Structures are given as C-alpha cells and as structure tokens.
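Tertiary structure, described
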Amino acid sequence: MTEHSKLPVPEKGEAKPRESLIERAAGRFDFTRLSRPAISIPPVPLVRPVAPPPAAPVKPVDPVKPATQAASAASAAIPAEAPAQDAVVPAPVLFEGPRHPIDRERLRDQGLIVPEGAVTALLEEFRIVKRQLLMQAADLRRQNAGAAAQRVLISSPHPGEGKTYCALNLALAIAAEKESEVLLVDADFAKPSILSTLGLPGGPGLMDALMDETIDVADCVLGTDVPGLWVLPAGDTTVNDSEYLSSSRAAQVLARLTEGTPRRIVIFDSPPALAASPAAELAKHVGQAVVIVRADRTGQGALEDAVSLLDGCPNVQLMLNAAQFSPSGRRFGAYYGYSG
Ligand SMILES: Nc1ncnc2c1ncn2[C@@H]1O[C@H](COP(=O)(O)OP(=O)(O)OP(=O)(O)O)[C@@H](O)[C@H]1O
Ligand SMILES: [Mg+2]
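What counts as what
- Residues numbered from 1 in each chain as written.
- Chains lettered and ligands numbered in written order.
- Predicted model: local features only at pLDDT ≥ 70, side-chain atom pairs only at ≥ 80, totals over all residues.
- Helix = DSSP H or I, 4+ residues; strand = E, 2+ residues; numbered from the N terminus.
- Buried ≥ 20, exposed ≤ 12 C-beta atoms within 10 Å, placed from the backbone.
- Near = placed C-beta within 6 Å.
- Nonpolar A, V, L, I, M, F, W, Y, C, P; charged D, E, K, R; others polar.
- pLDDT = per-residue confidence, 0-100.
- Contact = placed C-beta atoms within 7 Å.
- Arc of directions from axis to C-beta.
- Axes fitted to C-alpha atoms, helices over the stretch in contact; angles between N-to-C directions.
- Parallel < 35°, antiparallel > 145°, perpendicular 65-115°, else oblique.
- Core = buried A, V, L, I, M, F, W, Y, C linked by C-beta atoms within 7 Å.
- Pairing = 2+ DSSP bridges.
- Expected span 1.5 Å × (residues − 1).

What follows is about the overall build of the protein. When its secondary structure is counted, the protein shows 12 helices and eight strands. Within the protein, the proportion of its 340 residues that are buried is 47%.

This is the structure we're talking about:
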C-alpha cells in the first residue's frame, strides 16, 4: 500500500490504468531468481473496474450479515459450486458472540480503511488486491482445494513491513463484499496486535483452541459492528506454537472456521517468516500466501528466504507496501501508476 499519509494529489490527466500492488511488487523484485514454478505473479488476471467506483458513502449493508446469509447468496465473489445431490453439506458454523463496536476514528487515525467511509485511494488499492485474491480463491475451489481455498496467509520476511496493516485493510475491504464475510485471525502468537489495533477486548483464541480440545474455536471468535467482519484472537502464548500448528488438531480447528460457510474468507496475520516458524506452518494450511514487501526496506535476499520458507503454500504472491516518494520527486507504487 502506498504511504497514504503522503499520497500525492494526482496531477490533472495523470490518472491511467494501473498495475495492482501485486503486479508492481513483481516488477520490483526479481522473481525469476526464485525459480519456483509454484509461484505465479500475479496468479489471476487483474480485473479492472470498467466504471468508476460508487460514490461515498458506501451504502451500509445489513448490520447483521450472518454466515448463513453469506453462504446462501445467489451471486458471490467466490462462486459456490452446486453440491452434488447426495453430498452431505455440513451445517454452517456460525459465530454467535456479542458484536463489539469498532471505533471508526481510531481506524482513521491508524491509516486504515474506514467502513462506510469515503472511497479513498487506499480503499481502491485494497479493492483491487481483494478482487485478485477472491478470484484466486474461486479458482482454488474449482480445483477442489477444499477449505484451503478460503484461507489467505499474510506474511513478510521481517517485522514492521506492514503485515498487520495490510491484513486489517484487506479484511475490511473483503467485509464490504455483499456476499462474502471475513474472519481475521491474529496468528502472531508471540506479538499479537489485531485486538489492540481494533480496540477489541481480549479473550481466548486460536492457540487456546489448539491446546485444549474442550474449547470450540468458534466460541473464541469476536463479532464486530462492521458487517461481515469477525476476529479470532491469537490466544495464549506458548513456546510450542509451531508444534501445535502442525498437529492434527490444527487441521480440525482450522476446518471448523469455514465449515458449511463457503463464502467465508479467513485471513491469517502472521509473524515475520524469517523470525518465527508459525508462518511456515500456517502456509501448509492455506491456498494463498501474500508476502508483504516494504518498498523501502525489504531486500531481495530476505524475500527469497521468506518465500522459500512458505513453500508449503502453492500460491505465493508479493504485495508492495509503503511506496513513497523518491528524493528526486519521482515516485513508485503510488496509486496513479508506477513511475519509479
Ligand atoms: N502503507 C502504510 N502506510 C502507513 N503506515 C503504514 C503502512 N504500512 C505499515 N504502516 C505502519 O507501520 C507500522 C508497522 O506496520 P505493521 O505493524 O503492520 O507491521 P508488521 O509487519 O505487522 O510488524 P510485526 O512483524 O512487528 O507484527 C505500523 O505502525 C503501521 O501502521
Ligand atoms: Mg504485525
């Protein structure tokens, strides 16, 4: 994402069809050196809007968008295959906890997408990225990838490159979809930050459900007053987080998060891939991984190492974050096109 606080006002006539942040990231980093056929950048065709986006404010959707509603909508970002006549469709796992208010001003202060807010450059950037990810999810479903099709891992080589920032914005963008909902999972067990960023109360989370078989992970999910947005806290800390994530129980717990809800997308905000192992473990459970590359910080070597660690995931993509002006005044990665 561009450093939105420094986002330039475009010159008249400057706007032009742009590459998405995923495409721009591919252009800035040498992916041929990774020589990994599993990686495709970008993996899905970019969908460019043919008409201008709707004017702000975005029409509020129903305050309650239960999973059943998302699952039964006729048209969807992730087209649901018609189940075979005799297929057993599991009952949807609904998240029934109280809905907590999210302070929109707080989101604005942190440079995050504000639900029901104006259509900003930031929102537009994440809309494009979201569309790519949703299309890839639909492709994965068609390829019978199972629940992994609905899971997206956000990672990066190092701390501070914008994983949480991008995971939050992506979740907020997907929550605005009419027929999808999103569960944002704080999978940075050692340094969780989703709850504090959103101003949500603490509580048990994913790691608790992995450690204790009597805990139903669905009971740990927090509702929010942002329609379609749910949050799963990281839960208790343990020195064995990787072992729990690689256990057979992990597969069951994660499966529960999308059971009977084909339109639910699960986004995992992970710790840095080069600093902690959970990202690599989670990569084995997801259909897509997005590696955040911070324009001014991430190096090619670190990127290659991180992508290599995530090779449990068949689709690894890059996303360029925090592109800024160069001293010369030229800029790269800004909303209105690459010019660096
Ligand atoms: N594009 C951006 N524009 C403005 N601020 C940003 C941008 N990307 C990240 N930041 C800010 O940079 C800081 C670090 O980002 P963030 O916490 O998302 O990184 P992280 O990769 O999750 O770090 P960690 O590995 O420590 O969890 C945060 O204060 C965040 O708000
Ligand atoms: Mg983080």
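Moving on, we come to the site of ligand 1. Among the 20 residues in the neighbourhood of ligand 1, the closest are listed as Pro-159, Gly-162, Lys-163, Thr-164 and Tyr-165. The biggest single contributor to the shell around ligand 1 is helix H5 (residues 163–175), with three residues. Looking at the shell around ligand 1 residue by residue, the classes come out as six nonpolar, nine polar and five charged.

The subject of this paragraph is the confidence of the model for the protein. Detailed reading of the predicted model is not advised wherever pLDDT is low. Here the protein averages 78 in pLDDT, while 69% of its residues score no lower than 70. Counting interchain partners and residues more than four positions distant, the pLDDT-below-50 stretch residues 325–340 has 42 contacts.

Next up on the list: unusual backbone geometry. With a phi angle near 65°, Glu-116 is a residue other than glycine that sits in the positive phi range. For Asn-144, which is not glycine, the phi torsion reads 60° and is therefore positive. Residue position: Asn-144 is located in the loop between helix H4 (121–142) and strand E2 (151–155). Residue class for Asn-144 comes out exposed when judged on the 8 C-beta atoms lying within 10 Å of it.

The set of residues buried in helix H12 (residues 300–309) consists of Leu-303, Ala-306 and Val-307. What you see down the axis of H12 is that its buried residues fit within an arc of 95°, all on one side. Looking at the buried side of H12, the elements it contacts are E2, strand E7 (288–294) and strand E8 (316–321).

Two elements in contact, H4 and H5, have axes separated by 9 Å at closest approach and are oriented at 80°. The angle between H4 and H5 falls in the class roughly perpendicular. The segment H4 lies against H5, with Leu-122, Leu-123, Phe-126, Arg-127, Val-129 and Lys-130 engaging Asn-169, Leu-170, Ala-173 and Ile-174. A class-by-class count of the residues in the contact of H4 with H5 yields seven nonpolar, one polar and two charged.

A few words on the nonpolar core. Among the nonpolar cores identified, the biggest contains 85 residues, and Leu-153, Ala-171, Leu-184, Ile-267, Val-291 and Leu-310 are the most heavily contacted of them. The dominant element in this core, judged by the number of residues it contributes, is H5, at 10 residues. Discounting chain neighbours no more than four positions away, the residues touching Leu-310 are Ser-155, Ala-273, Ala-279, Ala-280, Ala-283, Ala-289, Val-291 and Val-316.

Our next topic: the pairing of strand E6 (residues 264–269). Burial runs high along E6: six of the six residues are buried. As defined by bridge partners, E2 adjoins E6 across four bridges and the pair is classed as parallel. Across the sheet, residue Leu-153 finds its bridge partner in E6, namely Phe-268. Two elements, strand E3 (residues 181–186) and E6, share six bridges in a ladder whose sense is parallel. Each residue of the ladder has a partner; that of Leu-183, found in E6, is Val-266.

So, about the environment of Gly-160. Mapped onto the elements of the fold, Gly-160 is located in the loop between E2 and H5. Along the chain, Gly-160 and Arg-294 lie 134 residues apart, while their C-alpha atoms are 8.7 Å from each other.

Below, the discussion takes up the sheet that holds strand E5 (residues 229–232). The eight strands are arranged E1-E4-E5-E3-E6-E2-E7-E8 in an open sheet whose pairing can be described as mixed. This sheet does not close on itself; its edge strands, each paired only once, are strand E1 (99–100) and E8.

The next subject is H5. Spanning 13 residues, H5 covers 18 Å between terminal C-alpha atoms, matching the ideal 18 Å at 1.5 Å per step. Judged by how many residues are buried, H5 sits mostly within the fold: 13 of 13 residues are covered.

Take Glu-177: it is sitting in the loop between H5 and E3. Along the chain, Glu-177 and Arg-127 lie 50 residues apart, while their C-alpha atoms are 9.7 Å from each other.

Right, let's talk about the pairing of E5 for a bit. Consecutive side chains of a regular strand alternate in pointing toward one face of the sheet and then the other. The side-chain alternation of E5 yields two buried faces, one formed by Leu-229 and Val-231 and the other by Trp-230 and Leu-232. Of the pairings in the sheet, the one linking E3 to E5 comprises four bridges and is parallel in character. Across the sheet, Leu-184 pairs through a bridge with Val-231, a residue of E5. The pairing of strand E4 (residues 222–224) with E5 spans two bridges and is antiparallel. Looking at E5, one finds that Gly-223 is bridged to Trp-230.

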